[in-house]
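Coordinates in review
What follows is each chain in one-letter form.
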Amino acid sequence: MRAIRDALMLGVALALSVGHVRDVGAQDTTFMRALTLEQDGKYREAADAYRSALRGQEVVAALLGLERSYAAMGMTDSILPVLDSLVAIRPREGGIRSVQLRALQMLGRDQALRDAFENWARASPSDPGPYREYTRMLIQAGRVASADSLLRRARTTLGSDRDLAYETAQLRAAAGEWAASSEAWRVALRNMPYLQQAAVYALVRAPEGARADIRRVLAAAPVEPGARRTLAGLEVGWGDPRRGWEALRALPRSDSTVAAWSEFATRSEDAGAWLVARDAWQAVDRVQPTGSIALRASRAALNGGDPASALALAERAAGADSAASARGAVPLMVRALGSLGRPAEAARLAESHGAHLPPALREELARHVAWAWVRAGNLERARSALAAIPGASEGEAAGWMALYDGDLKTARTAMRRSGETTRDAVAALALIMRTKSDTGPRLGEAFLALARGDTIAAATAFADAERELPDAGAILLATAARLHAARADDPRAEPLWRSVAQRYEGTPEAAEADLEWARVLRRRGDVPGAIARLEHLILSYPTSALVPQARRELELARNRIPGTT
């Protein structure tokens, strides 16, 4: 075996020596053939080709391919003789040493791993690489104390731990030292901004009590892009996108800042923080104004319930840089005018642009105008607007008109046939499918009140509709309770949740009612009552998706009563 290893080392030495002349083009071909074989899953053939490619110029690249191929075959130990030979020839080559450490770690050879690290550190006494690689492995293995000792040694040996800021940050996070971890992340991000997502991932797990320290460190002067982008990402992860935007908006204007703002705006959209997204898009638009950005800001404003700013942004886009922006602005302007209670203006705007728009967009405008009249309480004008749409008598819009009239049979049929069902229509259909009745005037009034934005009237009508549609009583009362709960109106929501929980046991809404009733009781200070409802939910509906939430709520409630188990 020793003879084989010596022969291998001699062969590699010859391959890497200055006097050893090879056809570089042929070696490139060998390396590419190895890559192809690996991609095809032919790992044994790929390993042979990578071993041949070690004689070429790209030694580290070929070694990495050999590492992957052996790992795929469960033969990581086969790479050790190759590594021993390469290390002897290139003792300071970090790429080779890193593969050696990884291989020994995968094989669980802790003492050999330690020896390999020490050998590397001796060969490269001023290189932070050995400490960096070994520290990461210790952290991954959960050996926090050993990693800490190694970093202290690196600080003494190298004279500074600046080059080990990333490892320090990871170690402090693993130890729960959040402020120290944040400080280290700031240092690491100055030279390695690509680590921003890693910083967010490491720090987002910090408990509530540690977040103030993290905010203090990352928001401290001077304003640094890496720190501020990390803080913004953390705030989104902690459920406060508005606070994240406040951290990010302080960045000086530049192309990279615009990119950061755009990325944050997109993340805010994904999180449903529409008004935060609007503000971020507006900031982008002020630095690099374009019609498409103004449109995006307008759409976010509409989704966030601010039609006034949506209208202003859409009007700016309409006069912007392209015909496409102008076409995109018109539907937003019509929607905004409708939400602002100006249906006549919405209708005139749609009519003035209709001749210049394709049929599909004209139909979209007609629907928006119809909704504008609905919000104004004029169903006849809404029907007139819909009459201009081919097939409107059978579509979702017609279903809504029928529902507002209390004609559940027509609404049910139209909404089920619609090929472009919206989320609101799905929710409405789920409700009307719970009753066998073909009429429901009070239910129609409830949905019409919702369309007009009158939440209190809608909640009252949904609750009243229980009398005319008793077979849908549970979902009607729960819908009313949700509307009151969305306004933080516990006094109105509680009796509805109680009624669902007590009178409609076994329905899909009963578990939700138990949970929400318990939350109301706990907020009111009735902890024993909350515990009783949560225990009832867990025992009565063990397969409910709400059980995990109920268990967390139960733990919180019990912690408020000393001695409770």
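Shown above is the structure to which this text applies.
Everything in this summary refers to the structure shown in the same document. (Residues numbered from 1 in each chain as written. Predicted model: local features only at pLDDT ≥ 70, side-chain atom pairs only at ≥ 80, totals over all residues. Heavy atoms only, no water.)

**Focus: the overall build of the protein chain**
On a plain count of helices and strands, the protein chain comes out with 33 helices and zero strands. What you see for the protein chain is a C-alpha radius of gyration of 33 Å, clearly larger than the 24 Å of a compact globule of 565 residues, by over 25%. Classification of the 565 residues of the protein chain by burial places 47% in the buried group. A separation threshold of at least 6 residues defines the contact pool for the protein chain, and within that pool the share at least 24 residues apart is 52%. On the protein chain, the mean spot of the 75 positive side-chain charges and the mean spot of the 68 negative ones are 2 Å from each other. (Helix = DSSP H or I, 4+ residues; strand = E, 2+ residues; numbered from the N terminus. Rg over C-alpha atoms; globule rule 2.2 N^0.38 Å. Buried < 20%, exposed > 50% of the residue type's maximum accessible area, 1.4 Å probe, protein only. Contact = heavy atoms within 4.5 Å. Lys, Arg positive; Asp, Glu negative; His and termini not counted. Charge placed at Lys NZ, Arg CZ, Asp CG, Glu CD.)

**A short note on the environment of Leu138**
With respect to the secondary-structure elements, Leu138 resides in helix H8 (residues 129–140). In this structure Leu138 comes out as buried when scored by relative accessible area, which is 4%. Between the C-alpha atoms of Leu138 and Leu195, which are 57 residues apart in sequence, the distance is 20 Å. Once residues within four sequence positions are removed from consideration, Leu138 is found in contact with Arg143, Ser146, Ala147 and Leu150.

**Here we look at the pattern of salt bridges**
Between side chains of opposite charge, a pair can form as their charged atoms come close. Per the stated rule, a full pass over the model turns up 43 salt bridges. With its nearest N and O atoms 3.8 Å apart, the salt bridge here joins Arg132 to Glu167. Remark: Glu167 occurs in helix H10 (residues 165–174) and Arg132 occurs in helix H8; sequence separation between them is 35 residues. The class of Glu167 is buried, set by a relative accessible area of 1%. Residue Asp514 is joined to Arg533 by a salt bridge in which the shortest nitrogen-to-oxygen separation is 2.6 Å. Of this pair, Asp514 sits in helix H31 (residues 510–524) while Arg533 is found in helix H32 (residues 527–540), placing the two residues 19 residues apart along the sequence. Take Asp514 and Arg533: they sit in the same class, and that class is buried. (Salt bridge = Lys/Arg side-chain N within 4 Å of Asp/Glu carboxyl O.)

**Side note on the packing of helix H30 (residues 490–503) against H31**
At a closest axis distance of 8 Å, the pairing of H30 and H31 adopts a crossing angle of 140°. The orientation of H30 relative to H31 falls into the category oblique. Between H30 and H31 the crossing geometry is left-handed. Where H30 approaches H31, its residues Asp490, Glu494, Trp497, Arg498, Val500, Ala501 and Gln502 are matched on the opposing element by Ala510, Glu512, Ala513, Asp514, Glu516, Trp517, Val520, Leu521, Arg523 and Arg524. Class assignment of the residues belonging to the contact of H30 with H31 gives a composition of eight nonpolar, one polar and eight charged. (Axes fitted to C-alpha atoms, helices over the stretch in contact; angles between N-to-C directions. Parallel < 35°, antiparallel > 145°, perpendicular 65-115°, else oblique. Left-handed = near helix turned anticlockwise from the far one by under 90°. Nonpolar A, V, L, I, M, F, W, Y, C, P; charged D, E, K, R; others polar.)

**So, the nonpolar core**
Judged by nonpolar contacts, the single largest core of 91 residues is most densely connected at Leu403, Leu443, Phe447 and Phe462. Discounting chain neighbours no more than four positions away, the residues touching Leu403 are Leu408, Ala411, Met415, Ala428, Ile432, Gly444 and Phe447. Listed in part, the 41 residues of the second largest apolar core include Ala53, Ile96, Ala103 and Ala147. (Core = buried A, V, L, I, M, F, W, Y, C linked by side-chain atoms within 4.5 Å.)

**Describing the side chain of Thr230**
As for its position among the elements, Thr230 is in helix H14 (residues 225–237). On the basis of relative accessible area, Thr230 is assigned to the buried category, the value being 0%. Ignoring sequence-local partners within four residues, the contact set of Thr230 consists of Leu189, Gln196, Ala199, Val200, Leu203 and Leu218.

**Concerning H31**
Taking 1.5 Å of rise per residue, the 15 residues of H31 would be expected to cover 21 Å, and the 21 Å separating its terminal C-alpha atoms lies within 8% of that figure. The element H31 is extensively covered by neighbouring structure, given that 12 of its 15 residues are classed as buried. Tucked inside the fold, the buried residues of H31 contact helix H29 (473–486), H30, H32 and helix H33 (547–558). Directly beyond the C-terminal end of H31, a positive phi value near 100° is found at Gly525. (Expected span 1.5 Å × (residues − 1).)

**Quick look at the packing of aromatic side chains**
Applying the stated criterion across every chain, the model contains 11 aromatic pairs. Geometrically, the ring pair formed by Trp245 and Trp261 is edge-to-face, given 5.7 Å between the ring centres and 70° between the ring planes. Here the residue Trp245 occupies a position in helix H15 (residues 241–248), and Trp261 occupies one in helix H16 (residues 255–270), the gap between them amounting to 16 residues. Each member of the pair, Trp245 as well as Trp261, is classed as buried. (Phe/Tyr/Trp six-rings, centres within 6.5 Å; stacked < 30°, edge-to-face > 60°.)

**Some words on unusual backbone geometry**
The omega angle of the peptide bond from Ala221 to Pro222 is 0°, so this bond is cis rather than trans. In this model, Ala488 sits at a positive phi of 55°, which is unusual for a non-glycine residue. With respect to the helices, strands and loops of the structure, Ala488 is situated in the loop between H29 and H30.

**Quick look at the packing of H16 against helix H17 (residues 274–287)**
Contact geometry for H16 and H17: axes closest at 8 Å, N-to-C directions at 160°. When the axis of H16 is compared with that of H17, the two are roughly antiparallel. The way H16 lies across H17 gives a crossing that is left-handed. Along its contact with H16, which presents Val258, Trp261, Ser262, Phe264, Ala265, Thr266, Ser268 and Glu269, the element H17 presents Trp274, Val276, Ala277, Ala280, Trp281, Ala283, Val284 and Val287. Residue composition of the contact of H16 with H17, by class: 12 nonpolar, three polar and one charged.

**Digging into helix H22 (residues 359–375)**
Residues spaced three or four apart along an α-helix point in a common direction, a consequence of the helix completing one turn every 3.6 residues. The end-to-end C-alpha distance of H22, which contains 17 residues, comes to 25 Å, matching closely the 24 Å that a straight helix rising 1.5 Å per residue would cover. Every buried residue of H22 is listed here: Leu361, Leu365, Ala366, His368, Val369, Ala370, Ala372, Trp373 and Val374. Gly377, located one to two residues past H22, shows a positive phi value of around 85°.

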